[in-house]
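Structural features, examined
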Amino acid sequence: YSELIRAATGLGLERNYIEAQFKQATQIDPYHYRAYFSKLNYLLPRWHGSTEEALSFARQVSSKAPADSRTRLLSAHAEALIYTGEAAKKHLQQDSVWQTIEQSFGSYLSLRPTDIRMHNYFAYYAYKAKRFAVARSELELIGDDWDESAWSTEKFFNDVRRYVSSKNQKAM
């Protein structure tokens, strides 16, 4: 169902189709992470929603999801995805936004410390937010177990790892 939502987003299908697929997915699994993430993507301003709608949806879902569910991270992902380019970097660098991301990931990863994919996302968001100490810590934990969904390419992952390492060395 989540793949149908993703395809429908790109095709510009009506919201009632998205909602029907979302309902099917969440009837099977009330906290189906990919279904919630796909719907969040649909609600982003660059697709078919607005900043307010995407953030409201994500915050509502995150507050109700079990603490050990990836769905609990939806508000952190929304904060990171709501803007693109330079606007995204500026948004992530705001203390209140970073606090949401750090608290969400910190809480979730304390319960699911072996979820390497989410460690990858946390490292990526920390890098974008210029929270280099957090990024470095996460990158050390990840080692060579980079995740394509977070970094896109191994080259980018390694470039970020070198960059973050140099930032921390200069700060010492």
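Going by the structure above, here's the rest.
Residues numbered from 1 in each chain as written. Predicted model: local features only at pLDDT ≥ 70, side-chain atom pairs only at ≥ 80, totals over all residues. Heavy atoms only, no water.

**A few points about the overall build of the chain**
- A tally of regular secondary structure across the chain gives 11 helices and 0 strands.
- The N-to-C order of helical and strand elements in the chain reads α-α-α-α-α-α-α-α-α-α-α.
- Expressed along its principal axes, the backbone C-alpha trace of the chain runs to roughly 55 × 35 × 30 Å.
- Across the 172 residues of the chain, 43% fall into the buried class.
- The long-range fraction of contacts in the chain, counting pairs at least 24 apart against all pairs at least 6 apart in sequence, stands at 56%.
- Split by element, the accessible area of the chain, about 9,100 Å² in all, is 49% carbon and sulfur. (Helix = DSSP H or I, 4+ residues; strand = E, 2+ residues; numbered from the N terminus. Buried < 20%, exposed > 50% of the residue type's maximum accessible area, 1.4 Å probe, protein only. Contact = heavy atoms within 4.5 Å. Areas by Shrake-Rupley, 256 points an atom, 1.4 Å probe, with all protein chains shown as cover.)

**Things to note about the pattern of salt bridges**
- Under the definition given, this model contains 12 salt bridges.
- Residue arginine 15 is joined to glutamate 53 by a salt bridge in which the shortest nitrogen-to-oxygen separation is 2.4 Å. Of the two residues, arginine 15 sits in helix 2 (residues 15-28) while glutamate 53 sits in helix 4 (residues 51-64), which places them 38 residues apart along the sequence.
- Overall, the relative accessible area of 28% leaves arginine 15 in the partly exposed class.
- Accessibility expressed as a relative area gives 29% for glutamate 53, which makes it partly exposed.
- Its salt-bridge partner being aspartate 159, residue arginine 162 comes within 2.6 Å of it at the nearest N-O pair. Remark: aspartate 159 and arginine 162 occur in helix 11 (residues 154-171); sequence separation between them is 3 residues, near one turn of the helix.
- Accessibility expressed as a relative area gives 54% for arginine 162, which makes it exposed.
- Here aspartate 159 falls in the partly exposed class, since its relative accessible area comes to 28%.
- Beyond isolated ion pairs, a larger network of salt bridges with shared partners links Lys155, Asp159 and Arg162. (Salt bridge = Lys/Arg side-chain N within 4 Å of Asp/Glu carboxyl O.)

**Side note on the packing of aromatic side chains**
- Tallied over the full model, the rule gives 17 aromatic pairs.
- Both rings, one in tyrosine 124 and one in tryptophan 151, keep their centres 5.4 Å apart while their planes meet at 85°; by these two values the pair is edge-to-face. Here the residue tyrosine 124 occupies a position in helix 8 (residues 116-128), and tryptophan 151 occupies one in helix 10 (residues 148-151), the gap between them amounting to 27 residues.
- Residue classification places tyrosine 124 among the buried residues on the basis of a relative accessible area of 18%.
- Look at tyrosine 127 and tyrosine 163: their rings are 6.1 Å apart centre to centre, the planes differ by 85°, and that puts the pair in the edge-to-face class. With tyrosine 127 in helix 8 and tyrosine 163 in helix 11, this residue pair connects regions lying 36 residues apart in the sequence.
- Above the plane of the ring of phenylalanine 22 lies lysine 39, whose end atom (NZ or CZ) is 4.5 Å from the centre.
- Across from the ring centre of tyrosine 33, 5.7 Å away, lies the NZ or CZ of arginine 70, which sits over that ring. (Phe/Tyr/Trp six-rings, centres within 6.5 Å; stacked < 30°, edge-to-face > 60°. Lys NZ or Arg CZ within 6 Å of the ring centre and 35° of its normal.)

**Focus on the nonpolar core**
- Core analysis: the largest hydrophobic core is formed by 49 residues, its most contacted members being Ile101 and Phe105.
- Every residue in contact with isoleucine 101, bar those within four places of it in the chain, is listed here: Ala76, Glu79, Leu92, Phe122 and Tyr125. (Core = buried A, V, L, I, M, F, W, Y, C linked by side-chain atoms within 4.5 Å.)

**Focus on the side chain of serine 38**
- With respect to the helices and strands, the residue serine 38 is situated in helix 3 (residues 33-43).
- Discounting residues that sit within four places of it in the chain, serine 38 has contacts with Ser2, Ile5, Arg6 and Thr9.

**Remarks on helix 9 (residues 132-142)**
- When helix 9 is considered as a whole, its buried residues turn out to be Phe132, Val134, Ala135, Glu138, Leu139 and Ile142. Along the axis of helix 9, the buried positions cluster into a sector of 155°, meaning they face one direction only. Every exposed residue of helix 9 that faces more than 90 degrees away from the buried side is listed here: Ala133 and Glu140.
- Glycine 143, located one to two residues past helix 9, shows a positive phi value of around 60°. (Arc of directions from axis to C-beta.)

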